[in-house]
Amino acid sequence: CLVKRLCPQGTKEKGRRRRLRVCVATCNRADYSKLAPIMFGIKAQPENFELEVMVLGSHLIDDYGNTFRMIEQDDFDIGSKLHTIVRGEDEAAMVESVGLALVKLPDVLQRLQPDVLVVHGDRFDALALATAAALMNVRILHLEGGEVSGTIDDSIRHAISKLAHYHACCTRSAEQHLIAMCEDHSRILLTGCPSYDKLLSAHRRDDYMDIIHSWLGDDVKEQDYIVALQHPVTTDIKNSIKIYELMLDALISFNKRTLILFPNIDAGSKEMVRVMRKKGIERHPNFRAVKHVPFEQFIQLVSHAGCMIGNSSCGVREAGAFGTPVINLGTRQTGRETGENVLHVRDADTQNKIYHALELQFGKRYPCSKIYGDGNAVPRILKFLQSIDLDEPLQKTFRFPTVKECISQDIDHILETQSALAVDLGGTNLRVAIVSMKGKIVKKYSQPNPKTYEDRIALILKMCSDAACDAAVNLNCRILGVGISTGGRVNPHKGVILHSTKLIQEWSSVDIRTPVSDTLHLPVWVDNDGNCAALAERKFGHGRGVENFVTVITGTGIGGGIVQHGELVHGSTFCAAELGHIMVSLEGPECSCGSRGCIEAYASGAALQREAKRLHDEDLLLVEGMSLKKDEQVTAAHLISAAHLGNSKAEAMLQTAGAALGMGIVNILHTVNPGLVVLSGILASFYQNPVQQAIRQRALSSAQGIHVVISELEEPALLGAASMVLDYTTRRTY
C-alpha cells in the first residue's frame with residue numbers, strides 16, 4: 001500500500017530505475033498560480049523527475065492576456081500548446097471547447113508518454129484532460145479535489161476526482177469528502193494549497209508600494225483601495241450578471257480606487273464585459289481594469305488592499321492568509337471553508353446591501369488564517385510523487401465503507417498529528433520542541449542563548465522556522481501555533497516581556513509575539529516559566545482535573561504559578577505567583593529583586609550555592625567522603641552532599657532553606673487555599689519533606705491536609721508553553 005511506500009526504507013529497497021516523467025497541464029492564469037510552485041519543485045530535482053509542460057485553454061487567448069508568456073518568463077519549456085477554446089462564452093461554447101480538447105489531447109499524450117499527469121481544480125478544460133488521460137491509461141494526480149463551492153464547478157471537480165488515481169487535497173474536510181466519495185484513503189494526501197508555499201513567503205516584499213502604484217496610480221495609499229474580481233455562475237448566468245452590475249454601481253458610489261480584473265472565460269463572461277464597458281469602467285478615474293496581473297504582484301495587491309470584493313476563490317482562500325477583508329457575493333463559493341475575514345452577501349440583490357458590506361469591511365484587518373495551507377505543500381507533493389509505484393496495477397479501486405470507518409489513524413502519509421511549537425528561553429540555553437496533543441515531545445532542538453537582543457531574536461526565528469519545516473515535511477506534524485516560556489514578568493495578552501530576570505540580558509520591554517507570528521504566520525502565546533510550569537501540570541501532570549492548585553519551581557530561582565477555578569492567575573499587573581519573592585523574614589539575606597528575606601534568598605539553587613561557597617571559603621564545607629577538583633565550581637549539590645555526610649553547618653543551612661520555603665507555602669495556603677501543591681525543579685525531591693513538616697506545624701488546621709507532590713514532568717516549561725497552544729488555539733485545522 002502507499003503508506004508503506006512512503007517509508008524511506010521501502011523506497012530505498014525498491015529503487016527507481018528511471019526518472020518519473022511528470023506532465024503538468026495548465027489551462028488559465030488561476031490554476032498556474034497553484035501549479036507553478038510544483039513545477040519549480042519538479043524542475044529543481046532533475047535527478048528524480050522529468051518535467052513536461054502542457055498549455056491550453058485561455059492561456060493562449062489574447063483577450064485574456066496571452067498568459068502563456070508568464071510561463072515562458074518563468075523559464076519553463078512549453079512542450080505543447082493546444083488551442084482548445086471555442087469562442088462564444090456561452091454554455092454551448094464550453095461544451096464545444098471540451099470536445100475540441102478531447103480531439104487534440106490524444107496526439108499530445110501519445111507523444112509525451114507521461115508517467116503522471118498533474119491536473120488542477122474544477123475547470124471544464126481540466127475535465128477534458130482527465131477524461132483523455134484516464135482513457136489512455138495515464139496516471140492522474142488531481143489537486144484540490146473534495147472541495148465544495150456550490151456551482152457546476154462542484155460536478156466537474158468531483159468528476160475529475162473519480163477519474164484521478166491520486167489526490168492532493170487542501171483541507172481536512174476535502175479529504176473526508178474524497179473518502180466519502182469512496183476514493184482509496186491510501187492515495188489521498190493532505191498537503192495544503194501549493195500557492196500558499198509562495199504567497200506566505202513572498203507577500204512581504206519591500207517594493208510592495210511600487211507594485212501598488214504601478215497598477216493603481218502614484219497617489220494610492222496602502223489599504224486605501226479595493227480589488228474586485230467577479231466571475232459568471234454558469235448555472236445562473238442571468239442573476240450573476242445582475243449581481244455584477246450591482247457590484248459596479250456600489251463600487252462607483254463607494255468612491256475608492258479599485259483594481260478590477262476581467263472575468264474568466266466561462267459562459268456569461270462576454271455579457272459581464274459588456275456591462276463593464278456600458279458603465280464606462282475602463283475610462284472611470286477610480287477604476288483600473290486589467291486582464292491579468294502576475295501572481296507575485298497580485299499577492300502584494302491583495303495583501304495590502306483595504307478590501308477584496310467579488311466571488312473569486314482567491315477571496316475565500318488566498319486572501320485569508322493576509323487577513324484582508326473580503327466581501328463574497330452570490331453563491332459561487334457556497335460551501336467553501338472560510339476564515340473570519342470573509343463577509344458573505346449571498347443574496348446580493350440590491351446596491352445598498354453591497355454598499356453596506358463595503359462600509360463594514362473596508363479598512364479592517366483580520367488575523368491571518370491558514371485553513372488552506374501552511375507553506376509546505378510542494379515538499380509533500382514531491383514526496384508523494386516519488387512514492388508512486390509504476391509497477392502497481394493502474395486500475396482504480398474504490399472503498400465503500402462509511403467515512404468514520406475509513407478514517408485511518410496511520411499518519412505515515414496523512415500529516416494529521418496536531419502539534420504545538422514550544423519555546424523555552426532559559427538563562428543558558430534556548431530550546432524549541434515539537435509537542436503533540438498528548439504531551440509527547442516529538443523532537444527537541446537546543447542552542448546556547450545569545451547575549452544580545454538582535455542575536456537572540458534571529459536565533460529564535462531561525463530555530464522556529466527550521467522546526468516548523470521539519471515538522472511539516474519529515475515528522476508528520478501540523479503546527480497549530482507557538483507557545484513561548486521565558487523568565488521574568490510577562491504581559492500574556494500583548495505577548496510582551498515586561499521585565500526579564502538578570503540571567504537573560506537585553507530582554508525587557510520586548511514584543512516577542514509579533515516577529516514570531518509574522519515569520520511563521522501562526523498564532524503565538526507567551527508567558528513566564530513559572531506560569532508555564534503550572535499550565536503543564538494542569539494539562540499533563542498532577543493538576544489534571546484539579547480546580548485549585550499551586551506549582552512551585554525550585555531551581556536556580558524560585559517561581560511558580562497559581563491555578564484557581566481551572567484558570568491561571570496573572571494579577572492586575574502580571575505579578576501574581578511571584579512566589580520566590582514572598583518575604584518570610586524582615587532581616588533575611590539580600591534577594592536578587594533588591595529586597596531582603598524573600599524565599600528565593602533562602603531556598604533557591606543560587607542561594608544554596610552562595611552558602612556553599614561561603615562555607616568552602618571558610619574551609620567548613622568538605623567532610624570525609626567529599627572532595628573537590630582543582631578547578632571544580634562549588635554548587636548547591638555540594639552543600640546537600642555535605643549535609644548528607646553529617647556536616648552540621650550544611651544541615652543547618654538546608655533546614656533554614658526548607659523552613660523558609662515551607663513558611664512561604666503556608667502563606668500561599670492561607671491566601672489562595674489550593675487543593676494541591678506541586679513541587680517542580682531539580683530541588684523538588686529535597687524540599688518535599690521540609691514543606692510537609694512546615695504545613696503540619698504552621699498551617700491552620702483546615703489547611704494541614706493539603707497534599708504536596710513532586711512533579712513527574714521532565715520538561716514543564718516546554719510542555720506548559722505547548723499547552724497554551726493546544727488548549728486555546730482557535731485556528732481552523734485541516
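Since the model is a prediction, treat every value here as computed from it, not as a measurement.

**Q** So what exactly am I meant to see when it comes to the overall build of the protein here?
**A** Looking only at helices and strands, the protein has 26 helices and 26 strands in total. Reported as C-alpha extents along the three principal axes, the dimensions of the protein are approximately 100 × 65 × 45 Å. Contacts in the protein between residues at least 24 apart in sequence constitute 68% of all its contacts with a sequence separation of at least 6. About 30400 Å² of surface is accessible on the protein, with carbon and sulfur atoms providing 50% of the total. With 79 positive and 84 negative side-chain charges, the protein shows a separation of 2 Å between the mean positions of the two kinds.

**Q** Is there a simple way to explain unusual backbone geometry in this structure?
**A** Trans peptide bonds make up most of the peptide bonds, and negative phi angles are found at most residues other than glycine. Residues other than glycine seldom take positive phi values, yet Glu506 does so here, at roughly 50°. Taking the relative accessible area as the measure of exposure, Glu506 reaches 45% and is therefore partly exposed. For His565, which is not glycine, the phi torsion reads 55° and is therefore positive. Mapped onto the secondary structure, His565 falls in the loop between β23 (558-564) and β24 (567-568).

**Q** Even after reading the chapter, I still don't get the layout of surface pockets, so can you show me in this structure?
**A** Any empty space left between atoms is shown by rolling a water-sized probe over those atoms. Volume-wise, the largest pocket comes out at about 1600 Å³. Contributing to the lining of the largest pocket are 49 residues, with Thr501, Leu503, Asp529, Thr556 and Gly557 lying nearest its centre. Elements with a minimum of two residues in the lining of the largest pocket: β14 (417-425), β15 (429-436), α20 (529-540), β22 (549-554), β23, α21 (599-603), α22 (605-617) and α26 (716-728).

**Q** Would you mind showing me how to read the packing of helix α6 (residues 124-135) against helix α7 (residues 152-163) here?
**A** The contact between α6 and α7 brings their axes to 9 Å, and the two run at 20°. It follows from the interaxial angle that α6 and α7 lie roughly parallel. The interaxial crossing formed by α6 with α7 has left-handed handedness. Taking contact as the criterion, the partners of Phe124, Ala126, Leu127, Ala130, Thr131 and Ala134 in α6 are, on α7, Ile156, Ala159, Ile160 and Leu163. Classifying every residue of the contact of α6 with α7 by side-chain character gives nine nonpolar, one polar and no charged.

**Q** Help me understand the sheet that holds strand β19 (residues 496-499), please; the structure alone is not making it clear to me.
**A** Strand pairing in a sheet is mediated by backbone hydrogen bonds. Such pairs are either parallel or antiparallel. If you trace the three strands from one edge of the open sheet to the other, you get β18-β19-β20, paired in antiparallel fashion. Strands at the two margins of the open sheet, each flanked by one partner only, are β18 (489-491) and β20 (510-511).

**Q** Please clarify how the side chain of Asn449 should be interpreted in this entry.
**A** By the element assignment, Asn449 lies in the loop between β16 (441-448) and α18 (453-473). For Asn449, a relative accessible area of 7% puts it in the buried group. A polar contact is formed between the side chain of Asn449 and the backbone oxygen of Gly426, at a distance of 2.7 Å. When neighbours within four sequence positions are excluded, Asn449 is seen to be in contact with Leu425, Gly426, Gly427, Thr428, Asn429, Leu430, Arg456 and Ile504.

**Q** For this particular structure, what's the right way to read the pairing of β22?
**A** Within a regular beta strand, the side chains point alternately toward one face of the sheet and then the other, so they alternate between its two faces. Counting buried residues in β22 gives six out of six residues, a clear majority hidden from the surface. Every second residue of β22 is oriented toward a common face, with Phe549, Thr551 and Ile553 on one face and Val550, Val552 and Thr554 on the other, all of them buried. Relative to β23, β22 runs antiparallel, the two being bridged by six bridges. Note on β23: the bridge partner recorded for Thr551 is Gly561. Two successive antiparallel strands, β22 and β23, enclose a turn made up of three residues. Where β22 and strand β25 (residues 676-680) come together, four bridges link them in parallel fashion. Bridging across to β25, Val552 finds its partner in Leu679.

**Q** Whenever I open this one, the sheet that holds β16 confuses me. Can you help?
**A** The sheet built from five strands is open, its strands ordered β16-β15-β14-β17-β21 with mixed pairing. One side of each edge strand has no neighbouring strand; the edge strands of this open sheet are β16 and β21 (524-528). The average angle at which neighbouring strand axes cross in this sheet is 20°, direction not considered. Set on the sheet, helix α19 (residues 513-520) makes contact with β14, β17 (477-486) and β21; between it and β21 the angle comes to about 150°.

**Q** Looking at this structure, I do not really get the UniProt feature "binding site: Zn(2+)" (unreviewed entry) in the protein. What am I missing?
**A** The positions that UniProt labels "binding site: Zn(2+)" (unreviewed entry) are, in the present scheme, His581, Cys591, Cys593 and Cys598. On the basis of their most widely separated C-alpha atoms, the annotated residues across 18 residues gather in one place, lying no more than 8.8 Å apart. Lining of the largest pocket among the annotated residues: His581, Cys591 and Cys593. Residue position: Cys591 is located in the loop between β24 and α21. The residues touching Cys591, leaving out its near neighbours within four places in the chain, are His581, Arg596, Cys598, Glu600 and Ala601.

**Q** Whenever I open this one, the UniProt feature "active site" (unreviewed entry) in the protein confuses me. Can you help?
**A** Mapped onto the present numbering, the UniProt feature "active site" (unreviewed entry) falls on Asp529. Counting through the fold element by element, Asp529 comes out in helix α20. Assessed through its relative accessible area of 33%, Asp529 is described here as partly exposed. Once you skip the residues sitting within four places of it in the chain, Asp529 turns out to touch Ser485, Thr486, Gly487 and Ile553.

**Q** How do you make sense of the packing of helix α10 (residues 208-216) against helix α13 (residues 295-303) when you look at a structure like this?
**A** In a packed pair of helices, the relevant descriptors are the angle between the two axes and the axis-to-axis distance. Contact geometry of α10 with α13 gives a least axis separation of 9 Å together with a crossing angle of 95°. When the axes of α10 and α13 are compared, the pair comes out roughly perpendicular. Contacts between α10 and α13 pair Tyr208, Ile211, Ile212, Trp215 and Leu216 from the former with Gln297, Gln300 and Leu301 from the latter. The residue makeup of the contact of α10 with α13, split by class, is six nonpolar, two polar and no charged.

**Q** Looking at this structure, how should I read the environment of Met583?
**A** Looking at where Met583 falls in the secondary structure, it is placed in the loop between β24 and α21. Considered as a pair, Met583 and Ala660 are 77 residues apart in the sequence and their alpha carbons are 9.0 Å apart. For Met583, the contacting residues outside a window of four places in its chain are Ser595, Arg596, Gly597, Cys598 and Asn667.

**Q** Sorry if this is basic, but what is going on with the confidence of the model for the protein here?
**A** When pLDDT drops low, the exact placement of atoms in the prediction is not to be read closely. Put simply, the protein has an average pLDDT of 89, and 94% of its residues get 70 or more. The model gives residues 1-16 a pLDDT under 50, and that stretch makes 24 contacts with residues more than four places away or in other chains. With pLDDT under 50 throughout, residues 730-734 is counted as low confidence; its partners more than four residues away or in other chains account for 21 contacts.

About the criteria used
Residues numbered from 1 in each chain as written. Predicted model: local features only at pLDDT ≥ 70, side-chain atom pairs only at ≥ 80, totals over all residues. Heavy atoms only, no water. Helix = DSSP H or I, 4+ residues; strand = E, 2+ residues; numbered from the N terminus. Contact = heavy atoms within 4.5 Å. Areas by Shrake-Rupley, 256 points an atom, 1.4 Å probe, with all protein chains shown as cover. Lys, Arg positive; Asp, Glu negative; His and termini not counted. Charge placed at Lys NZ, Arg CZ, Asp CG, Glu CD. Buried < 20%, exposed > 50% of the residue type's maximum accessible area, 1.4 Å probe, protein only. 1 Å grid on protein atoms, 1.4 Å probe; cavity = no way out; pocket = protein on both sides within 12 Å on 5 of 7 lines; lining within 4 Å. Points joined across faces, edges and corners; volume = space filled by probe spheres on them. Axes fitted to C-alpha atoms, helices over the stretch in contact; angles between N-to-C directions. Parallel < 35°, antiparallel > 145°, perpendicular 65-115°, else oblique. Left-handed = near helix turned anticlockwise from the far one by under 90°. Nonpolar A, V, L, I, M, F, W, Y, C, P; charged D, E, K, R; others polar. Pairing = 2+ DSSP bridges. Polar contact = N/O pair within 3.5 Å; in protein donor to acceptor, adjacent residues only side chain to side chain. UniProt positions renumbered as here; feature names shortened; annotations may be inferred. pLDDT = per-residue confidence, 0-100.

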